[in-house]
Number of protein chains: 2
Amino acid sequence: MVGTQRVAWHARWVLPVVSAPIAHGAVVVQGDRIVWVGTSDQAVADVHERLGHCVLMPGLVNAHAHLELTTLRGFLEGLEFGQWLRTLTEIRARVLSAQDIIDSARLGVSEALLAGITTIADCTASGASLDAMNEAGIRGRVYLETFGPDRSQVAQSMSDLRAGVQALRARANTLVSVGVSPHAPYTVSDALFAAVAEYAAAEQLLVASHVAESTAEVRYVRDGSGPFAERLAARGIAVKGTGESPMALLDRTGLLNERLLCVHAVHASADDLSRVASSGAAIVHCPISNAKLGQGIAPLINMREAGIAVGLGTDSVASNDRMDIIGEARQAVLLQSLQRQTPDALAASDALELATLGGARALRYELLGALAAGYQADLCAFRIDALEAVPVYDPAVLLVHVLGSGRAAALTMVGGRVLVRDGAELNADSGVRDRVGMAAEKVKQFVT
Amino acid sequence: MVGTQRVAWHARWVLPVVSAPIAHGAVVVQGDRIVWVGTSDQAVADVHERLGHCVLMPGLVNAHAHLELTTLRGFLEGLEFGQWLRTLTEIRARVLSAQDIIDSARLGVSEALLAGITTIADCTASGASLDAMNEAGIRGRVYLETFGPDRSQVAQSMSDLRAGVQALRARANTLVSVGVSPHAPYTVSDALFAAVAEYAAAEQLLVASHVAESTAEVRYVRDGSGPFAERLAARGIAVKGTGESPMALLDRTGLLNERLLCVHAVHASADDLSRVASSGAAIVHCPISNAKLGQGIAPLINMREAGIAVGLGTDSVASNDRMDIIGEARQAVLLQSLQRQTPDALAASDALELATLGGARALRYELLGALAAGYQADLCAFRIDALEAVPVYDPAVLLVHVLGSGRAAALTMVGGRVLVRDGAELNADSGVRDRVGMAAEKVKQFVT
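Residues numbered from 1 in each chain as written. Chains lettered and ligands numbered in written order. Predicted model: local features only at pLDDT ≥ 70, side-chain atom pairs only at ≥ 80, totals over all residues. Heavy atoms only, no water.

Caption draft 1: Highlighting the overall build of chain A. For chain A, the helix and strand inventory stands at 15 helices and 17 strands. A compact globule built from 448 residues would reach a C-alpha radius of gyration of about 22 Å, and chain A, at 21 Å, matches this within 12%. Seen along its three principal axes, the alpha-carbon backbone of chain A occupies a region of about 70 × 45 × 45 Å. Counting only residues that meet the buried cut, chain A has 65% of its 448 residues in that class. Across chain A, the fraction of contacts at a sequence separation of at least 24, relative to all contacts at a separation of at least 6, is 73%. Roughly 15000 Å² of accessible area belongs to chain A as shown, and the carbon and sulfur atoms make up 49% of that amount. Averaged over its 38 positive side-chain charges, chain A has a centre that lies 1 Å from the centre of its 47 negative ones. (Helix = DSSP H or I, 4+ residues; strand = E, 2+ residues; numbered from the N terminus. Rg over C-alpha atoms; globule rule 2.2 N^0.38 Å. Buried < 20%, exposed > 50% of the residue type's maximum accessible area, 1.4 Å probe, protein only. Contact = heavy atoms within 4.5 Å. Areas by Shrake-Rupley, 256 points an atom, 1.4 Å probe, with all protein chains shown as cover. Lys, Arg positive; Asp, Glu negative; His and termini not counted. Charge placed at Lys NZ, Arg CZ, Asp CG, Glu CD.)

Caption draft 2: The arrangement of the relation of the copies chain B and chain A in detail. Overlay of chain B on chain A (RMSD 0.0 Å): rotation 180°, translation along the axis 0.0 Å. What the superposition gives is, in effect, a two-fold axis relating one chain to the other. Same-surface contact between copies: 100% of interface residues of chain B are shared with the interface of chain A. (Least-squares fit on C-alpha atoms with pLDDT ≥ 70 in both.)

Caption draft 3: How the structure looks around the interface of chain B and chain A. Listed per partner, the contact involves 56 residues of chain B and 56 residues of chain A. At the surface where chain B touches chain A, the tally comes to two salt bridges. At the junction of chain B and chain A, the tally comes to 20 residue pairs in polar contact (both at pLDDT 80 or more). Counting residues per element, the ones that place at least two in the side of chain B that touches chain A are α2 (98–114), α10 (287–292), α12 (325–340), α14 (395–403) and α15 (432–447) of chain B. (Salt bridge = Lys/Arg side-chain N within 4 Å of Asp/Glu carboxyl O. Polar contact = N/O pair within 3.5 Å; in protein donor to acceptor, adjacent residues only side chain to side chain.)

Caption draft 4: Region of interest: the pattern of salt bridges. Residues and elements named next belong to chain A. Counted by the stated rule, this structure contains 54 salt bridges over all chains. Between Asp100 and Lys442 there is a salt bridge, with its nearest N and O atoms 2.5 Å apart. Here Asp100, found in helix α2 (residues 98–114), pairs with Lys442, found in helix α15 (residues 432–447); they are 342 residues apart in sequence, far enough to count as distant. Asp100 sits in the buried class, given a relative accessible area of 10%. Here Asp324 ties to Arg322 by a salt bridge, and the two come within 2.5 Å at their closest N and O atoms. Here Asp324 matches Arg322 in class, with each residue buried. If you follow the salt bridges from partner to partner, you end up with Asp103, Arg106, Glu135, Asp429 and Arg435 in one network.

Caption draft 5: Just the packing of aromatic side chains, in detail. Inspection of the entire model under this criterion finds six aromatic pairs over all chains. Aromatic side chains Tyr220(B) and Phe228(B) sit 6.4 Å apart centroid to centroid with 80° between the ring planes, which places their arrangement in the edge-to-face category. By relative accessible area, Tyr220(B) is classed as buried at 10%. Through a chain of ring-to-ring contacts, the aromatic side chains of Tyr186(A), Tyr220(A) and Phe228(A) assemble into a single cluster. The cationic tip of Arg141(A) hangs over the ring face of Tyr365(A); the distance from NZ or CZ to the ring centre is 5.2 Å. (Phe/Tyr/Trp six-rings, centres within 6.5 Å; stacked < 30°, edge-to-face > 60°. Lys NZ or Arg CZ within 6 Å of the ring centre and 35° of its normal.)

Caption draft 6: Structural context of the domain arrangement of chain A. Residue and element names in this part refer to chain A. When its domains are assigned, chain A resolves into domain 1 (6–57 + 370–425) and domain 2 (60–362). If you average the C-alpha positions of domain 1 and of domain 2, the two centres end up 29 Å apart. Taken together, the contacts link 31 residues of domain 1 with 29 residues of domain 2. Between domain 1 and domain 2, the buried area comes to about 2300 Å², and carbon and sulfur atoms account for 64% of it. The largest per-residue losses of area from domain 1 upon contact with domain 2 belong to Val400, His401 and Arg407, which jointly make up 25% of the total buried on that side. Among the salt bridges present, the one from Arg139 reaches Asp378, with a minimum N-O distance of 2.7 Å. Taken together, domain 1 and domain 2 are joined by nine residue pairs in polar contact (both at pLDDT 80 or more). Mapped by element, the contributors of at least two residues to the side of domain 1 that touches domain 2 are β14 (379–383), α14 (395–403), β15 (411–414), β16 (417–421) and β17 (424–425). (Domains from an automatic or database assignment. Buried area = accessible area lost by both parts, 1.4 Å probe.)

Caption draft 7: Broad picture of the side chain of Asp103(B). Residue and element names in this part refer to chain B. Structurally, Asp103 can be placed in helix α2. On the basis of relative accessibility, which here comes to 2%, the residue Asp103 falls in the buried class. Setting aside chain neighbours within four positions, we find Asp103 in contact with Val432, Arg435 and Val436.

Caption draft 8: Representation of helix α3 (residues 128–136) of chain B. Residues and elements named next belong to chain B. Counting buried positions along α3 gives eight out of nine residues, so the element sits mostly inside the fold. Within α3, the full set of buried residues consists of Ala128, Ser129, Leu130, Asp131, Ala132, Met133, Asn134 and Ala136. Within two residues after α3, Gly137 carries a phi angle of roughly 85°, on the positive side.

Caption draft 9: Seen up close, unusual backbone geometry. In this structure, Pro391(A) follows Val390(A) across a cis peptide bond, with omega equal to -10°. Mapped onto the elements, Pro391(A) comes out in the loop between β14 and α14. The amide bond that connects Asn320(B) to the next residue, Asp321(B), takes the cis arrangement and shows omega of 10°. Structurally, the position occupied by Asp321(B) is in the loop between β13 (310–312) and α12. Positive phi is not limited to glycine here, since Gln204(A) has a value of about 55°. For Gln204(A), the position within the fold is in the loop between α5 (190–203) and β10 (207–211). In this structure, His264(B) takes a positive phi of about 90° despite not being glycine.

Structure follows, in C-alpha cells:
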C-alpha cells in the first residue's frame, strides 16, 4: 500500500533530469506523488530513508519491449531478420503454451524492475504482458498487435483486435493502459492500417507501429521488391511498390498522428522526420537492437532537433539481449558519436533525459519521467560504490558511461510503492525462473 | 605463492576457447600451468574448488590501455580529439604528482583484475604502470612512450627512451615485460620512427604505435593538412604530406614488422591490411574508444580474414570509460553487424576468442589465452545466477550479450595465483581509492 506519510529518500546524488544534479540530495514522496526535491539537509518528512552512496533518479522508461519473448533470449542469434521473425512466430505459436508465455512476460517484468525500469510500453500478440505487468505493479501500456498483409484479412483482423482490446481493457489496472499495434508495413496491408487508424481515433486508443526499421522494409514499400515482397509473393499475396517511404505510407493511411508511437525509424529521411514532427507523432529509438540486427543507426539527433518526442527502448531481449535502458542510453551516445564523427554528439545528460522524460513524453504520460513536485513517484537508484566509480566528475557520465548498465537497482519505486530494494524484487514469484528454464528446454528441442 | 598441488576448478560452464564449451566442466591447475581440462566428473586433483553457477574461461587480455590516466575517467567528455590529448597531457604534467600517477595506475590494475583481465598491454609516459602491475601480480607489458614531431628532437627522445627502458627493465618482474611506443604519426617524426625501429630491432623490444585512428591523422600524413598540421605549424614545425597512408609511413620507416602492435587501425585500407598481414604485425581493436571519440568502425572482419593477429583493448578509461573487455567484445559484435548490415557478422564465440587468445597472440604470448593442458594458468570466472541469465542456449552469447560486462569476477587467477575471489581483490591497497579521489579534486580545480 502507498501510505500518506511523507518519506524522504536521501542519496549521494539526485538527478532530477529537469534540473541540475544535486550532490547529497533528497526526494520527498507522499502517496503516489513527489512533493519536494532538494538537498538532504533541507528535506522535511515523517520518515527518512537513506540510500547512501547511490544515484537517485526518475524511474527509467522502456518505450519498446516484447515481454512475451523473454524466454527466447539468446536463441535466435545471427538469424537474418525475416528468418528471425518467422522462427520466433512459429515457436510462439507451436512450442510455447499460454502458461509459458505469461511466465516469459513475468520474467521480463522482473528483469525490468531490477534494472530500474518503472514504465514499459509493450507490443504483445497474446496480451499476456498485461497480466504480468498488473501482477508486478509496474506502470505501462500494452499495445495489442494485429497482422495481415492481405486485404482480404482486414475484417477478421479488426474483429479479433476489437475483441482483444475489450478483453484487455477489462483486465487492466489503473497503472496499465491498452493500445493497439498494427505490426509493420511488411505485415499489415494499407487497408488494415486505415481500419486501425479509424478504430483508434474512435476509441481514443494510442497506437504503436514498427516503421522504417530496415532497408528491406523501405524496398518493400517503395518498390515492391526485396525479401519481404518475395515471401509474400510465395504465399500468393500480390505486392506492388507505391513509390513512397514507410513513413509516408503511415501518413497516407491515416495512422501518422499524435496518437502514434513510431518504433525504430532507422531509415527515416529528413522529409519523413518533418512529417512525424508536424503530425505530433512520437518515436522510440532502440539502438542496440538496430545495431545487433544490422539495421543501421537511426537519425536520433535529427529527431530531437525536429522537436519530436523521443524515448529509448530495448526491443525484445530476443534481439538485444538485455532489458537495460541505461545500456541503451550509452549505446545511443556511442552510435551518434560514430554517425556524427564527433565526441560531443550527445551528452550523457541528454541520454538520461531520453531514458526518462523523453520516454514518458513519447508515451504521452504527463508528470512522469522527472523529479519535481507534483510528478508521479516513480524512482530508481543505483549504487555507485564500485571501485570503478572513482572519481566522479559528473554523475550523469558516471551512470551512462562508467556504470553503463542499470542492473541490480538499489531502489525501484512505482507510484510510491517500493518494488525493488537492494537489488531484490520484493514480491517476486520465485517459481518463474525455473518454469522459464523448462520452457527453454522445449524450445531447444523444437530445432534439434 | 603458487603451490604444486593439483587444484581442480569446477564451474557450470567451462569455455576453453580452443574447443567447445563444456557443461559442468573443470580446469585442473598445477603450479603456474593448466594440466587438464574436461568434465567435472572426470577431474582428478588434490583439491577441488567449486565455483558453482559460473562461466570459467581463460583470463581476459586487455591489449591496449593507459593505466596512468585512470584518475581522468569521465573528465574529458565531449572534447575534440586534439583538445582531449592536449588537456590530458597538460594535467598529467602540471596537476598530477608522481604519487598521483602511480595511484591512478594502481586503481586501473585493480579494476582490471576485478573485471577478469589477467594480461594488460599498457602504453605509459611515466612507466608508473609497470610498478602498479608488478605490485598486483598481473601479467603484461608496458610500452614506454616516446614523442617528438620535430626532427631536431630525435637524439633527445632516443636518449630519454633508452634510459627509460633501462630503468624499467631493472624494475620488471617475471610477469611484466618492457616494450617501446613511438606514440603516433602526428606526434612522432619519420626520423624518430626510424630510430625507434632500429633500437627495437637491436634490443629485441616489442613495439606499439597508435596508427590510422582518425581521418585527421590520415589527412595529416597524406596531405600535410587538417587540425594536426595546423597545430604543428603554429608551433613552427614544418609539415608536408607524403601522399602515403599512416600504415605505409610505418612501413617506410621500418616499424611495420612482426614486433609491432598497431593500435586502432580504424582507417586501414585493404592495401594497409595487406601490408600488416605480410609484415607479421598485429592489431588491437578498441571499439568503444573509437566509437565514443567519433573516429569510426575499424575493419575488424577484414583484419581477421587477412590472417592478422587481433586482440581487443579498452584504450584509456579517459576515453572509454570502462576497463571491461567483455563489454568491448559485445561492442565489437554490434559495430561489425552495423558495418556489414547483417546480424551474423561476428559470433559471440569469435568475440570471446578476440578477448582472450586473439589478444594473447597479438601480444606475442605463447600458451596463453585458452584453456588447454600446458597453457598458463590465467583464468577468470563470472557468476551467471542473475535473473536475466535465464535461459541459457549458448554460454558465449550469455557472457557477451546477456551479461555484456565482466564486472565483479568470481575468480581472477594469474599464473596459478588467485588475485580475485567473489568480486574482491585479495591483496588490494584500500587507500588507493581515497587517494585517487583526492587527486581528482586537484584535477577539478585545474579547470575551474
